Amino acid sequence: MTRRSLMIGCGSYLPERIISNDELAARLDTSDAWIRQRTGIGQRHVAAEGEKTGDMAIRAAERALAHAGLEGEDIDLIVLATATPDDTFPATAARVQAAIGALNGFAFDVQAVCAGFIYALAIADNFIRAGQARTALVIGAETFSRLLDWNDRATCVLFGDGAGAVVLRAADQAPGAPSWGVLSTHLHTDGRQRDILYVDGGPSSTGTVGHLRMVGKEVYKHAVTKLAAVIDEALTANGLDASSVDWLVPHQANRRIIESMAHKLGMPLDKVVCTIERHANTSAASVPLALDEAVRDGRVKAGDLVLFEAIGGGLAWGAGLVRFGVPAEAAPAPVEIRREEVEPIA
Ligand code: ACO
């Protein structure tokens, strides 16, 4: 038997407030036409004053649990990807754990900026395959609006806030049976490229939160080549070619980067989930936000092969191939967990 992580539910949350390109153009030397033409972005959601990354993560987690038909107590692992945690510590994931009553396991944050969701997915999948967790929440949640220099037109127009989550559940699959769930994940980092995308602050450098700084053109060049390579790596590892992929759910940083990946895969654009026009770049939240939208509107269905990819500060990038949902004919038998069951905290 092969232990795999089925992706059994998803959920997302966007803050109410929307800032249009025109609203930005009213206070900055930019225009709707420039932003749309260079990036594909038309608007972004921005958290309300006092609304934190953890608040959005909790809403997305609750929706993902409801979609999966589970309660908080069914979750024994929470991995939350964010570069904008509520506090320096404790982990925002611990706040989510308390809020949803997932007190039967453990929770921590992962920081890989825009690639964070792919990293968190890989980590949770590995915990499940190793038998150390059975049912995991993987969350990407960000309030990038708090990291932006709102006077820097080259960066502040690009980002938005939001959260997305998926539920993974262990299932043992018989040899030769069609593979469902997370088929593989592929992660890379190149720390030498730090200076093309970073935040000029931090608890142990300046003691301030800092602002996002980016050499956009350089990031763009790396994104196109590195994402193409990691997509190849994911397909090759599974003995698949691009024609097997039902949906590309990419990180939403720039419409031109997304289109270039679709072109590389020979995929028509109607097989690419693209939310950048309405969400902008929500960093670690962008992939699960896009997935949730496509699942809710009926595009992504159980059994579809979904390719995820993302790149961001680090540079850190990665890809994952997932056959979404639960096989209808064989709801997986629950698997026993190897680690000792811990008593719930009263
Ligand atoms: N409005 C109008 N003009 C602008 C704006 C703006 N908002 N921003 C920059 N410009 C100007 C620049 O000042 C420059 O003017 P100049 O020629 O007079 O100097 C001109 O537009 C061109 O600027 P570039 O930066 O060269 O524009 P480019 O075509 O590269 O587009 C962009 C910029 C959209 C940022 C693009 O480089 C990009 O998308 N890069 C990739 C970003 C990315 O993928 N990030 C991923 C991860 S993010 C994360 O991890 C946090």
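**Q** I would appreciate a short explanation of the pattern of salt bridges in the present structure.
**A** Side-chain pairing between opposite charges can occur once the charged atoms of the two side chains come close. Taken as a whole and judged by the stated rule, the model has 19 salt bridges. Of the charged contacts in the structure, one is a salt bridge between D190 and R192, with a shortest N-O distance of 2.9 Å. On the basis of relative accessibility, which here comes to 71%, the residue R192 falls in the exposed class. Here R299 ties to D297 by a salt bridge, and the two come within 2.9 Å at their closest N and O atoms.

**Q** Whenever I open this one, the sheet that holds strand β4 (residues 77-81) confuses me. Can you help?
**A** Two strands in a sheet stick together by hydrogen bonds in their backbones, pointing the same way (parallel) or opposite ways (antiparallel). The sheet built from five strands is open, its strands ordered β1-β7-β6-β4-β5 with mixed pairing. Of all strands in the sheet, those bounded by a partner on one side alone are β1 (2-13) and β5 (106-110). With strand direction ignored, the average angle separating the axes of adjacent strands in the sheet is 20 degrees. In this sheet, strand β7 (residues 161-173) lies alongside β1 in antiparallel orientation, the contact comprising eleven bridges.

**Q** What's the story with the packing of helix α3 (residues 53-68) against helix α4 (residues 92-100) in this structure? I'm lost.
**A** In helix packing, the relevant descriptors are the interaxial angle and the interaxial distance, both defined with respect to the helix axes. Contact geometry for α3 and α4: axes closest at 9 Å, N-to-C directions at 50 degrees. Of the possible angle classes, the one that applies to α3 and α4 is oblique. In the crossing of α3 with α4, the sense of the turn from one axis to the other is right-handed. Residue-level inspection shows T53, G54, D55, A57, I58, A61, E62 and L65 of α3 in contact with α4, the latter providing T92, R95, V96, A99 and I100.

**Q** What is the right way to look at the pairing of strand β6 (residues 135-143) in this model?
**A** For a regular strand, the rule is simple: side chains alternate between the two faces of the sheet. Burial runs high along β6: nine of the nine residues are buried. Every second residue of β6 is oriented toward a common face, with T135, L137, I139, A141 and T143 on one face and A136, V138, G140 and E142 on the other, all of them buried. Where β4 meets β6, five bridges bridge the pair, whose relative direction is parallel. Paired with I78 across the strands is L137, a residue of β6. Of the pairings in the sheet, the one linking β6 to β7 comprises nine bridges and is antiparallel in character. Residue T135 lies in a different strand from β7, and its bridge partner there is R169.

**Q** Before we go on, may I ask you to explain the site of the ligand in this structure?
**A** Neighbouring the ligand are 27 residues; T30, R38, C114, R153 and N254 lie closest to it. G216 places a main-chain nitrogen or oxygen 3.0 Å from a nitrogen atom of the ligand. Between an oxygen atom of the ligand and a main-chain N or O atom of G313, the distance comes to 3.0 Å. Its free accessible area being 1000 Å², the ligand has 76% of it covered by the protein chains. For the shell around the ligand, the element with the most residues is helix α7 (residues 216-237), which contributes four residues. Tallied by class, the residues present in the shell around the ligand amount to 15 nonpolar, seven polar and five charged. Summarising the domain contributions, the shell around the ligand has at least three residues from each of domain 1 (2-176) and domain 2 (181-323).

**Q** What is the right way to look at the confidence of the model for the chain in this model?
**A** Reading predicted coordinates in detail is not appropriate for stretches of low pLDDT. Summarising the model, the chain shows a mean pLDDT of 94, and 95% of its residues fall at 70 or more. The low-confidence segment residues 332-346 (pLDDT under 50) makes 29 contacts with residues lying over four places distant or belonging to another chain.

**Q** Explanation requested: the sheet that holds strand β8 (residues 181-189) in the structure shown.
**A** Pairing is mixed in the open sheet, where four strands are placed in the order β8-β13-β12-β11. With one partner strand each, in any of the chains shown, β8 and β11 (247-250) form the two edges of the open sheet. Here the average twist between neighbouring strands, direction ignored, is 15 degrees. Pairing between β11 and strand β12 (residues 305-312): four bridges, direction parallel. Bridge pairing links P250 to E309 in β12. In the packing of helix α5 (residues 116-129) onto the sheet, contacts are made with β8, β12 and β13 (316-323), and the angle to β8 comes to roughly 125 degrees. Against the sheet, α7 contacts β8, β12 and β13, and its axis sits at roughly 145 degrees relative to β12.

**Q** Got a minute to help me understand the domain arrangement of the chain in this structure?
**A** Where the parts come together, the accessible area they lose is often given as the size of the interface. Segmenting the chain into domains produces domain 1 (2-176) and domain 2 (181-323). Taken over C-alpha atoms, the centre of domain 1 sits 14 Å from the centre of domain 2. Listed by partner, the interface residues are 55 residues for domain 1 and 48 residues for domain 2. Interface of domain 1 and domain 2: buried area, both sides summed, is about 3900 Å²; carbon and sulfur atoms make up 65% of it. Summed over the shared surface of domain 1 and domain 2, the number is two salt bridges. Note that E277 and R36 form a salt bridge whose closest N and O atoms lie 2.8 Å from each other. Connecting domain 1 to domain 2 are 23 residue pairs in polar contact (both at pLDDT 80 or more). Sorting the residues of the side of domain 1 that touches domain 2 by element identifies β1, α2 (32-39), β3 (43-45), α3, α5, β6 and β7 as the ones contributing at least two each. Taken together, the residues of the side of domain 1 that touches domain 2 sort by class into 26 nonpolar, 17 polar and twelve charged.

**Q** Please clarify how the side chain of R4 should be interpreted in this entry.
**A** Of note, R4 is situated in strand β1. The buried charged residue R4 lacks any salt bridge partner; its closest oppositely charged side chain belongs to D125, at an N-O distance of 6.8 Å. Looking at R4, its side chain comes within polar contact range of the side chain of S179, at 3.5 Å. At 3.4 Å, the side chain of R4 and the backbone oxygen of V182 are in polar contact. Those residues in contact with R4 that sit more than four places away from it in its chain are I128, R129, R169, A170, A171, Q173, S179, W180, V182 and L183.

Definitions and cut-offs
- Residues numbered from 1 in each chain as written.
- Predicted model: local features only at pLDDT ≥ 70, side-chain atom pairs only at ≥ 80, totals over all residues.
- Heavy atoms only, no water.
- Salt bridge = Lys/Arg side-chain N within 4 Å of Asp/Glu carboxyl O.
- Buried < 20%, exposed > 50% of the residue type's maximum accessible area, 1.4 Å probe, protein only.
- Pairing = 2+ DSSP bridges.
- Helix = DSSP H or I, 4+ residues; strand = E, 2+ residues; numbered from the N terminus.
- Axes fitted to C-alpha atoms, helices over the stretch in contact; angles between N-to-C directions.
- Parallel < 35°, antiparallel > 145°, perpendicular 65-115°, else oblique.
- Left-handed = near helix turned anticlockwise from the far one by under 90°.
- Contact = heavy atoms within 4.5 Å.
- Near = heavy atom within 4 Å.
- Polar contact = N/O pair within 3.5 Å; in protein donor to acceptor, adjacent residues only side chain to side chain.
- Areas by Shrake-Rupley, 256 points an atom, 1.4 Å probe, with all protein chains shown as cover.
- Nonpolar A, V, L, I, M, F, W, Y, C, P; charged D, E, K, R; others polar.
- Domains from an automatic or database assignment.
- pLDDT = per-residue confidence, 0-100.
- Buried area = accessible area lost by both parts, 1.4 Å probe.
- Lys, Arg positive; Asp, Glu negative; His and termini not counted.

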